[in-house]
Amino acid sequence: MIQSILLKNFRNHETFKLEINKPFVYIYGENGSGKTSILEGIYFCSTTKSHRTSDEKELIKTNEMFAQVVIKNDDQTYEIVVSKFGKRTKVNHVEKRKLSEFLGHLNVVMFAPNDLELIQGSPLVRRQFMDFELLQVDKSYLNHLNTYKKVLKQRNSLLKKVDIKDDYTFLNILGDQLYEQGIILINQRKQFLDELNILFKANYQKFSQNVVDIIYKPDQDEASFKKHLQKQQRQDILYQTTLTGPHRDDFFIRFNAFDSKTYTSQGETRLIVIALKLALLEWIESKTNHKVVLLLDDVLSELDQQKQDIFLKTLPKQHQIIMNSVMPIDMDHIQMIELTKERTHVKL
Ligand SMILES: Nc1ncnc2c1ncn2[C@@H]1O[C@H](COP(=O)(O)OP(=O)(O)OP(=O)(O)O)[C@@H](O)[C@H]1O
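In the annotation of an unreviewed UniProt entry, the entry for the protein reads DNA replication and repair protein RecF, and the organism field reads Mariniplasma anaerobium. Its UniProt record, at the heading Sequence similarities (unreviewed entry), says of the protein: "Belongs to the RecF family." The UniProt entry for the protein carries the following text under Subcellular location (unreviewed entry): "Cytoplasm".

K.L.:
Quick rundown of the domain arrangement of the protein? Include the residues and the values.
P.N.:
Its domain assignment divides the protein into domain 1 (2-104 + 290-344) and domain 2 (120-259). The gap between the C-alpha centroids of domain 1 and domain 2 is 33 Å.

K.L.:
Could you give an account of the UniProt feature "domain: RecF/RecN/SMC N-terminal" (unreviewed entry) in the protein, naming the residues involved and the relevant values?
P.N.:
As recorded in UniProt, the sites labelled "domain: RecF/RecN/SMC N-terminal" (unreviewed entry) are residues 1-327. The span residues 1-327 shows a helical share of 46% and a strand share of 23%, and its end C-alpha atoms are spaced 25 Å apart.

K.L.:
Could you give an account of the site of the ligand, with specific residues and numbers?
P.N.:
Around the ligand sit 15 residues in total, of which Lys35, Thr36, Ser37, Glu58 and Ile60 are the nearest. Within the backbone of Arg11, a nitrogen or oxygen atom sits 3.4 Å from a nitrogen atom of the ligand. At a separation of 2.9 Å, an oxygen atom of the ligand approaches a polar backbone atom of Gly34. Coverage of the ligand by the protein amounts to 67% of the 660 Å² it exposes when considered alone.

K.L.:
Describe in detail the packing of helix 4 (residues 123-137) against helix 5 (residues 139-161), supporting the description with residues and values.
P.N.:
Direction vectors running N to C along helix 4 and helix 5 enclose 130°, while the axes themselves pass 5 Å from each other. Considering their axes alone, helix 4 and helix 5 lie oblique with respect to each other. Listed contacts from helix 5 to Asp131, Leu134, Leu135, Gln136 and Val137 of helix 4 are Lys139, Tyr141, Leu142 and Leu145. For the contact of helix 4 with helix 5, a count of residues per class yields six nonpolar, one polar and two charged.

K.L.:
Give me the lowdown on the environment of Pro218, citing residues and values where you can.
P.N.:
Locating Pro218 in the fold gives a position in the loop between strand 9 (212-217) and helix 7 (222-231). Sequence separation of Pro218 and Asp250 is 32 residues, and the distance between their C-alpha atoms is 6.1 Å. When near neighbours in sequence (up to four residues on either side) are disregarded, Pro218 contacts Ile186, Asp249 and Asp250.

K.L.:
Just give me the short version of the side chain of Asp131, but keep the residues and values in it.
P.N.:
Within the secondary structure, Asp131 is located in helix 4. Note on Asp131: relative accessible area 9%, which makes it buried. Within the structure, the side chain of Asp131 is placed 3.0 Å from the side chain of Arg189, a separation counted as a polar contact. Here Asp131 is in contact with Tyr141, Leu145 and Arg189, once residues within four sequence places are set aside.

K.L.:
Give a detailed account of the sheet that holds strand 13 (residues 321-325), specifying residues and quantitative values.
P.N.:
Backbone hydrogen bonds are what pair the strands of a sheet, in a parallel or an antiparallel way. With parallel pairing, five strands are arranged side by side in an open sheet as 8-12-13-3-14. Because the sheet does not close on itself, it has two edges, and the strands there are strand 8 (107-111) and strand 14 (335-338). Strand-to-strand twist of the sheet, defined as the mean angle between neighbouring strand axes without regard to direction, takes the value 15°. Judged from the four bridges that link them, strand 12 (residues 292-297) and strand 13 form a sheet pairing that is parallel. Along strand 13, the bridge assignment pairs Leu295 with Ile322.

K.L.:
Account for the environment of Lys84, naming residues and giving values.
P.N.:
Along the chain, Lys84 falls in the loop between strand 5 (76-83) and strand 6 (86-91). Along the backbone, Lys84 and Leu145 are 61 residues apart, and their C-alpha atoms lie at a distance of 30 Å. The residues contacting Lys84, other than those within four sequence positions of it, are Lys57, Ile60 and Met65.

K.L.:
Account for the environment of Met65, naming residues and giving values.
P.N.:
Residue placement: Met65 occurs in the loop between helix 1 (35-47) and strand 4 (66-73). Take Met65: its relative accessible area is 61%, and that puts it in the exposed class. Setting aside anything within four residues of it in sequence, one finds Met65 in contact with Ile60, Val82, Ser83 and Lys84.

Conventions used here
- Residues numbered from 1 in each chain as written.
- Predicted model: local features only at pLDDT ≥ 70, side-chain atom pairs only at ≥ 80, totals over all residues.
- Heavy atoms only, no water.
- UniProt positions renumbered as here; feature names shortened; annotations may be inferred.
- Domains from an automatic or database assignment.
- Helix = DSSP H or I, 4+ residues; strand = E, 2+ residues; numbered from the N terminus.
- Near = heavy atom within 4 Å.
- Polar contact = N/O pair within 3.5 Å; in protein donor to acceptor, adjacent residues only side chain to side chain.
- Areas by Shrake-Rupley, 256 points an atom, 1.4 Å probe, with all protein chains shown as cover.
- Axes fitted to C-alpha atoms, helices over the stretch in contact; angles between N-to-C directions.
- Parallel < 35°, antiparallel > 145°, perpendicular 65-115°, else oblique.
- Contact = heavy atoms within 4.5 Å.
- Nonpolar A, V, L, I, M, F, W, Y, C, P; charged D, E, K, R; others polar.
- Buried < 20%, exposed > 50% of the residue type's maximum accessible area, 1.4 Å probe, protein only.
- Pairing = 2+ DSSP bridges.

Below you can see the structure in the form of structure tokens.
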């Protein structure tokens, strides 16, 4: 469990310090007070990435040289500092040069408003979701994914040079390698979505009676992928690119009989994504045996009062939850923090 959080020069926080004394922390305050930045800080210290920017210099408070996040979790201290020279990480005050030595200790699942893109966005968003979650729990997945991408790049550059009349020997070798790695990705993604689907449906049922399902849409099944690479490469040569494979995979959420992407309302979409995140949390815990902290950024907006009440009542009790919103709520057993200007400029 996270016991304390310190942000220094992080976004609008000059110094923000929070000692946590209950499993459920609820932070509220006006727009721009820095609520999202606190969750972003925790996420950053967990993953070394921001959930809302790829330009990490943005995290450094204007006119400052560095931003720092220090988190005490299960009596271990994790620290990340970002400056114009890059990022540095420490565990228990000892510098960790290898990312693998820093990652995996402080596990979080975050819901943020831009996660609605999981439903509404392009297939790339959903592929990145599958890949990111799979490589977190299975290091070998990263190797297969990287090899697949490397072979795909080689094959695509060869396809730009090769002629219909040429000898296809090298193209065939690359096709075999692509198939070999590709089916591993397809099978792992399928298994991931099958397992996630069971947890997702159970979580979603707590909110609504609609029937939902995660449907994997591999670009090709194993047999047609093989057939394409062996017998239909003329098409690839013509288009000068690999037309099919897991790099074109997708999934969608079936909502009753429809595709939620075009069918569900904003509030319904939000509940679907929340249920997906709750499912993900359970899935990661079952795979890693590590406790996962749930971060909920502005999760209540767009939900009607009844849905907000159901949501708050059904939040998992066995997890640590850190959540924010504009308005306070009336609930027992939570640590309520009002974020005021003074709180973001605490004297240490
Ligand atoms: N590098 C930075 N330096 C200083 N201020 C920053 C920096 N980056 C962002 N800000 C400001 O920090 C403030 C806090 O942003 P944040 O998104 O955390 O607020 P919030 O409380 O979650 O707001 P909302 O309720 O509108 O979602 C904003 O006013 C933003 O303009």
